[in-house]
Amino acid sequence: LFFTYLNLLSRIDLDELMKKDEPPLTFPKTLEEFEYAFNEQGQLRHTTTGEAFVFNAREDLHRWNQKRYEALGEIITQYVYELLEKKCNMTKVILPVDVTEEEPRSFIYLSADAMSNPAKLLVLIQGDGVVRAGQWARRLIINQDLDSGTQIPFITRAKEEGYGVMVLNPNENHLEVERPAKPTPLPSPEVSDEPAEKRERKDERESKKKRDFYEKYRNPQKEGETEQIPIRENSSPEEHLLYVWDHFVSNAAARNVFIVAHSYGGLSLVELMSQREAQVKNRVCAVAMTDSVHNIWHQDASKSIQEWLQQHCRNWVSSPEPLDTPVEPMLPDCPRLSAGTERHELTSWRSFNSIFQFFSKALHTGDEYEEESSNTVTTRSSHRTKHDHNHDD
């Protein structure tokens, strides 16, 4: 059967076949051109039919459909940035703070009082992948709604409850530039009297080329080769969080910092604790993780970090159990609670109310503790200044 498959491939010029069957990989640049818009419920709908987004716009053209989806995703990213600025009144701040004209850059979003709010600061950290500032999950934004897929409800609620807000952008790590195409070498002339064994090896190579090409046709991937120029001190999610901590969070006025960290964001946070343990303990009141992928053993988290996480952190995980049901911990760190959903990307939205209740309770408990112990024990807020500019590396 395999040889039949190879013989069939050898008779088909897949390059030509692909050109005939696949439409050009050029797509609209705006939602309007895509003929989609968000309705009053924040759902993406076709402007003519009113239907939800359809991934398989062209049957049997998976790569083309995937490229179309990615093109829409890029438009969604810009749309969410616009919402952060216009609806949430957030300000874009360029990173690194001392960026030069020539080098690649990233950015975060700050509320007007993010650095000056004396009481509370909320820091939002998404997972890894294609999502950018303001998003939890692109799939949810496209297929469900803006509330479940973006961080906007968290920003709005936080502002209503008197928090300053910082929205991180941990996946904006490099500038991608196209690498110039290499010239294709001319085929070597056929040699009729070459040994049969050499000819067979050559035929095998040709068959492999065709198989590889077939795989490229079936599996979506970029056509042109690209190279990535890293963004200074922000070339990974972990580096980005450390940079934002050192340049923004540690210099913010808030006595109490609160963090929501989804998926890989939880891993980055544990990494930050390993680098800046004393600072985090002195500044952070509570951490809400949602389906975090951190691992205290693989990340060599110290006993003192584990104990702090047990006391100040909760992880709402994907689970069939009702919301807030305790879930058996896998490792001795933060308590795990059900997010009331088995879908990883939905965990932040489903635990939304529980997270804010947890923060309020943590703040209330912390305030009571400070009142009781202000004369005898150094509190988090008064102890803070000692560590503000001392890095724990």
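Conventions we followed
- Residues numbered from 1 in each chain as written.
- Predicted model: local features only at pLDDT ≥ 70, side-chain atom pairs only at ≥ 80, totals over all residues.
- Heavy atoms only, no water.
- Helix = DSSP H or I, 4+ residues; strand = E, 2+ residues; numbered from the N terminus.
- Buried < 20%, exposed > 50% of the residue type's maximum accessible area, 1.4 Å probe, protein only.
- Contact = heavy atoms within 4.5 Å.
- Areas by Shrake-Rupley, 256 points an atom, 1.4 Å probe, with all protein chains shown as cover.
- Core = buried A, V, L, I, M, F, W, Y, C linked by side-chain atoms within 4.5 Å.
- Pairing = 2+ DSSP bridges.
- Phe/Tyr/Trp six-rings, centres within 6.5 Å; stacked < 30°, edge-to-face > 60°.
- Lys NZ or Arg CZ within 6 Å of the ring centre and 35° of its normal.
- Axes fitted to C-alpha atoms, helices over the stretch in contact; angles between N-to-C directions.
- Parallel < 35°, antiparallel > 145°, perpendicular 65-115°, else oblique.
- Left-handed = near helix turned anticlockwise from the far one by under 90°.
- pLDDT = per-residue confidence, 0-100.

Another aspect to go through is the overall build of the protein chain. From N to C terminus, the protein chain includes 15 helices and 13 strands. Relative to its 393 residues, the protein chain shows a buried fraction of 47%. Contacts spanning at least 24 positions in sequence make up 74% of the contacts within the protein chain whose residues lie at least 6 apart. Per element, the accessible surface of the protein chain, about 21,100 Å² overall, is 50% carbon and sulfur.

Residues Leu-122, Val-260 and Phe-359 are the most contacted members of the largest nonpolar core, which totals 51 residues. Those residues in contact with Leu-122 that sit more than four places away from it in its chain are Phe-154, Ala-158, Tyr-163, Gly-164, Val-165, Met-166, Phe-258, Ile-259, Val-260, Phe-356 and Phe-359. Formed by 36 residues, the second largest nonpolar core is a distinct cluster that contains Ile-108, Val-284, Ile-305 and Cys-334.

Residues in a regular strand point their side chains to alternate faces of the sheet. Buried residues dominate strand 4 (residues 106–110), accounting for five of its five residues. Sheet analysis places strand 4 next to strand 6 (residues 163–167), joined by two bridges and oriented antiparallel. What sits directly across from Leu-110, in strand 6, is Met-166.

This part is about the environment of Leu-25. Within the secondary structure, Leu-25 sits in the loop between helix 2 (14–21) and helix 3 (31–34). Taking relative accessible area as the criterion, Leu-25 reaches 29% and is therefore assigned partly exposed. In the structure, Leu-25 is positioned 38 residues away from Arg-63 in sequence and 9.3 Å away in space, judged by C-alpha atoms.

Below, the discussion takes up helix 7 (residues 152–160). Those residues of helix 7 lying buried are Ile-152, Pro-153, Phe-154, Ile-155, Arg-157 and Ala-158. Once helix 7 finishes, Gly-162 follows within two positions and takes phi at roughly 85°, a positive value.

This part covers the packing of aromatic side chains. Per the counting criterion, the structure on display carries 19 aromatic pairs. Centroid distance Phe-55 to Tyr-69: 5.7 Å. Interplanar angle 65°. Geometry classified as edge-to-face. In this pair, Phe-55 sits in the loop between strand 2 (44–46) and helix 4 (62–86) while Tyr-69 sits in helix 4, placing the two residues 14 residues apart along the sequence. Overall, the relative accessible area of 25% leaves Phe-55 in the partly exposed class. Judged by centre distance (6.2 Å) and plane angle (85°), the ring pair of Tyr-163 and Phe-356 falls under edge-to-face. Of this pair, Tyr-163 sits in strand 6 while Phe-356 sits in helix 14 (residues 352–373), and the two are 193 residues apart along the sequence. Site record: aromatic cluster; members linked through ring pairs are Trp-136, Phe-154, Tyr-163, Phe-258, Trp-316, Trp-349, Phe-352, Phe-356, Phe-358 and Phe-359. Looking at Lys-92, its charged tip hangs above the ring of Phe-107, at a distance of 4.3 Å from the centre. Lying across the ring of Tyr-163, Lys-120 places its NZ or CZ 4.1 Å from the centre.

Now for the sheet that holds strand 4. Reading across the sheet, the nine strands line up as 3-4-6-5-9-10-11-13-12 and stay open at both edges, with mixed pairing between neighbours. A strand with exactly one partner marks an edge of an open sheet, and here the two such strands are strand 3 (91–95) and strand 12 (326–327). Bridge analysis of strand 10 (residues 284–290) against strand 11 (residues 313–317) gives four bridges, and the strand direction is parallel. Paired with Ala-288 across the strands is Arg-314, a residue of strand 11. Most of the contacts of helix 9 (residues 237–247) go to strand 3, to which it runs at about 110°, and overall it touches strand 3, strand 4, strand 5 (120–125), strand 6 and strand 10.

Interaxial distance between helix 10 (residues 264–275) and helix 12 (residues 303–312) falls to 10 Å at its minimum, and their mutual angle equals 130°. Taken together, helix 10 and helix 12 sit at an angle that is classed as oblique. Handedness of the helix 10/helix 12 crossing: right-handed. Facing helix 10, whose interface residues are Val-270, Met-273 and Ser-274, helix 12 presents Ile-305, Trp-308 and Leu-309.

The next point concerns the side chain of Ser-263. Relative to the helices and strands, Ser-263 resides in the loop between strand 9 (256–262) and helix 10. Look past the residues within four positions of Ser-263 in its chain and what remains in contact with it is Gly-127, Thr-290, Asp-291, Ser-292, Val-293 and His-344.

With that out of the way, let us pick up unusual backbone geometry. Of note, the amide linkage connecting Leu-95 to Pro-96 takes the cis form, showing an omega dihedral of -10°. Considering the arrangement of structural elements, one finds Pro-96 in the loop between strand 3 and strand 4. Here Asn-89, not a glycine, exhibits a phi torsion of approximately 55°, which is positive. The phi angle at Glu-233 is positive, at roughly 60°, despite the residue not being glycine. Secondary-structure assignment places Glu-233 in the loop between strand 8 (226–230) and helix 9. We classify Glu-233 as partly exposed; its relative accessible area is 39%.

Once that is clear, we can look at the side chain of Ser-106. Within the fold, Ser-106 resides in strand 4. By relative accessible area, Ser-106 is classed as buried at 0%. Every residue in contact with Ser-106, bar those within four places of it in the chain, is listed here: Val-93, Ile-94, Leu-95, Asn-169, Glu-172 and Ile-231.

Per-residue pLDDT for the protein chain has a mean of 85; in total, 76% of the residues score no lower than 70. Under a pLDDT of 50 for its full length, residues 217–221 has, in the predicted model, twelve contacts with residues more than four places off or in other chains. For the stretch residues 375–393, pLDDT sits under 50, and the model shows 39 contacts to residues farther than four places along the chain or on other chains.

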